[in-house]
Amino acid sequence: MGHPNGNGYYPPPPSQMGYGRPPPPQQYMSGSAPSIRAPLPRNDTMVPGPSPGMSRPVTKAIDVNQPPYTKEYIDQYRNRLKGDPDPETHFAFAKYLIEAAKKVGAGAKDQRAVRKYRDQLIAESLKVIKRLATTGETYPEAQFFLANCYGTGMLGLETDHEKAYHMYLQAARNNHPQACYRVAVCNELGAGTKRDYSRALAFYRKASTLGDTAAMYKLAMSLLTGNLGGGKNPKDALTWLRRAAEQADEDNPHALHELGLIYEKAKENGLVIPDDAYAKELFTRAAQLGHPPSQFKLGHCYEFGTLTCAVDPKRSIAWYSKAAQKGDAEAELALSGWYLTGSEGVLEQNDTEAYLWAQKAARKGLDKAEYAVGYYTEMGIGAKQDMETARRWYMRAAGQRHPRAMQRLTEMKNGQMQGRRQQRPTRQQANDEGCTIM
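Only a predicted model underlies this, so the values are computations on that prediction, with no experimental measurement involved.

1. Some thoughts on the overall build of the protein
- Along the protein, the regular secondary structure elements total 21 helices and zero strands.
- Going through the 438 residues of the protein one by one, you find that 48% of them count as buried.
- Contacts in the protein between residues far apart in sequence, at least 24 positions, make up 56% of those at least 6 positions apart.
- About 21,600 Å² of surface is accessible on the protein, with carbon and sulfur atoms providing 49% of the total.

Below is the structure:
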């Protein structure tokens, strides 16, 4: 099975901002900025001992990970920062103000005044972030955050991809790994700047050197396919792919899957020594991180007994279901095939479910699913028999050069009509009809 996107993952097109990381994409507010570390006021942490005969008031300690969102605390926090030169502390305060603007005054009666106060907090936060990003010894985290704001229109800023790119570039020059990745993406897509593949490749490499996992994957795929014009270098590609796989997480499982494909097809590509067990391990790690293509792959392995997996309908259906729940069209079609035949003691046969799962996949443009829906409709499986509707689905599949759909249209043109199947198809017959993944 090839990569779901052919030559590897590509960021979204310019119409979708071009600032996202591999699917599922990270939010602009997460992962890039330090956690809020609000310093505690001295009188909260160091209370002088009481004089003889006097009681000492006890002040409740404040959890710095969950600071209160009140005007009093905001004022105290602001006053404590006066004279503090640490940009990280000021950036943490700016992010605290953004959170405070969402929560302060929630139970107040005068919500009009609350809204005005919240707007003031956002304005103050933006002022602090702009100062940190553009004046004096600039702070790269603030530059990256401000770039995200321009890219998404956050904090009331007008969306401006050119300004976003400029700020990403400033942060990248300060060796911010994620900013380097974003600069590469912008150059690859032509978002906020002209399209420049060589510059994109250079920044993917810089981001990779700085430890950015997504950049390592993109660099590896570029070296593997030569898609950015830098030529192919399989040896370096494997090095970066392995490094990305070592750092894989829920946001970046792609290298695990791609490395699994390389080991699965080792006899064809000659890049590594064939190792089915290791390929299965890589797919399993990616699947456990929630990567739908890997979940589908495991479903296929347990269905047909490949990559050292024993045939196990229960596991196959379970992995297909996980991928289908995330909208993977191949997995949806595979579930259709299982419902078409059922599995004794595991899944009850259900024509309606078979039709509906195939329809979900077909609506995503999967040619095999379009053919399957045409077949179901022609045979009256899970839906009312309707030759004209079947013909339309076959035409959609044939438009993608699906061979069985093209053949069936020719047969129908010549007056060869099939009529409803009288016997329940076996699992092999379901495969032969193209209703499951081949």
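2. Brief notes about the packing of aromatic side chains
- Under the criterion given, the structure shown has 13 aromatic pairs.
- Centroid distance Y375 to Y376: 6.3 Å. Interplanar angle 55 degrees. Geometry classified as tilted.
- A residue is classified by how much of its surface remains accessible, and Y376, at 0% relative accessible area, is buried.
- Ring pairs connect the aromatic residues Y69, Y73, Y77, F93 and Y96, which therefore count as one cluster.
- In this structure, K322 is placed above the aromatic ring of W319, and the distance from its NZ or CZ to the ring centre is 6.0 Å.

3. Some thoughts on helix α5 (residues 140-152)
- Here α5 spans 18 Å end to end across 13 residues, near enough to the 18 Å set by a 1.5 Å rise per residue.
- The buried fraction of α5 is high, at eleven of 13 residues.
- Looking only at α5, the buried set comprises E141, A142, Q143, F144, F145, L146, A147, N148, C149, Y150 and G151.
- At its buried positions, α5 is contacted by α3 (87-103), α4 (111-134), α6 (161-173) and α7 (177-189).
- With its phi angle positive at about 80 degrees, G153 sits one or two positions after the end of α5.

4. Some thoughts on the environment of C186
- Locating C186 in the fold gives a position in helix α7.
- For C186, a relative accessible area of 0% corresponds to the buried category.
- Taking the C-alpha atoms as reference, C186 lies 8.8 Å from D196; in sequence the two are ten residues apart.

5. A few points about the nonpolar core
- Formed by 74 residues in total, the largest nonpolar core has its most connected members in I129, F145, L146, L155 and Y204.
- For this core, the leading source of residues is helix α9 (residues 213-225), giving nine residues.
- Formed by 37 residues, the second largest nonpolar core is a distinct cluster that contains A331, A361, Y375 and Y394.

6. A few points about helix α11 (residues 254-264)
- Most of α11 sits out of view: ten of its eleven residues are buried.
- Residues of α11 that are buried include every one of H254, A255, L256, H257, E258, L259, G260, L261, I262 and Y263, and no others.
- Contact partners of the buried residues in α11: α9, α10 (234-246), α12 (266-269), α13 (276-288) and α14 (292-304).

7. Quick word on the pattern of salt bridges
- Scanning all chains against the criterion turns up 13 salt bridges.
- Here R408 and E411 are joined by a salt bridge, their closest N and O atoms 2.8 Å apart. With R408 and E411 both in helix α20 (residues 403-413) and three residues apart, this pair spans about one turn of that helix. We note that R408, like E411, is buried.
- Each of the salt bridges in this network shares a partner with another, and the network as a whole consists of K71, D75, R78 and E124.

8. Brief notes about the packing of α4 against α5
- Two elements in contact, α4 and α5, have axes whose closest approach is 8 Å; the angle formed by their N-to-C orientations is 125 degrees. When the axis of α4 is compared with that of α5, the two are oblique. In this structure, α4 crosses over α5, and the sense of that crossing is left-handed. Residues L126, I129, K130, L132 and A133 of α4 pack against A142, Q143, F145, L146 and Y150 of α5.

9. Section: the environment of A383
- Structurally, A383 can be placed in the loop between α18 (367-379) and α19 (387-398).
- According to the relative accessible area criterion, A383 is partly exposed, its value standing at 22%.

10. Concerning the state of the cysteines
- What the rule picks out here adds up to zero disulfides.
- Note on C309: no disulfide assigned, nearest cysteine sulfur contributed by C301 at a separation of 4.7 Å.

11. A few points about the packing of helix α17 (residues 351-362) against α18
- Contact geometry for α17 and α18: axes closest at 8 Å, N-to-C directions at 145 degrees. Remark: the crossing between α17 and α18 carries left-handed chirality. Contacts between α17 and α18 involve A354, Y355, A358, Q359, A361 and A362 on the former and, on the latter, A369, E370, A372, V373, Y376 and T377.

12. Regarding the confidence of the model for the protein
- Looking at the protein, pLDDT values average 86 and 80% of them are 70 or higher.
- Within the model, the stretch residues 1-60 combines pLDDT values under 50 with 131 contacts to residues more than four positions away or in other chains.

13. Overview of unusual backbone geometry
- For L307, which is not glycine, the phi dihedral falls at a positive 50 degrees.
- Summarising the element assignment, L307 is placed in the loop between α14 and α15 (313-325).
- The backbone phi angle of R401 is positive, close to 65 degrees, even though this residue is not glycine.
- Looking at the secondary structure, you find R401 in the loop between α19 and α20.

Basis of the calculations
Residues numbered from 1 in each chain as written. Predicted model: local features only at pLDDT ≥ 70, side-chain atom pairs only at ≥ 80, totals over all residues. Heavy atoms only, no water. Helix = DSSP H or I, 4+ residues; strand = E, 2+ residues; numbered from the N terminus. Buried < 20%, exposed > 50% of the residue type's maximum accessible area, 1.4 Å probe, protein only. Contact = heavy atoms within 4.5 Å. Areas by Shrake-Rupley, 256 points an atom, 1.4 Å probe, with all protein chains shown as cover. Phe/Tyr/Trp six-rings, centres within 6.5 Å; stacked < 30°, edge-to-face > 60°. Lys NZ or Arg CZ within 6 Å of the ring centre and 35° of its normal. Expected span 1.5 Å × (residues − 1). Core = buried A, V, L, I, M, F, W, Y, C linked by side-chain atoms within 4.5 Å. Salt bridge = Lys/Arg side-chain N within 4 Å of Asp/Glu carboxyl O. Axes fitted to C-alpha atoms, helices over the stretch in contact; angles between N-to-C directions. Parallel < 35°, antiparallel > 145°, perpendicular 65-115°, else oblique. Left-handed = near helix turned anticlockwise from the far one by under 90°. Disulfide = S-S within 2.5 Å. pLDDT = per-residue confidence, 0-100.

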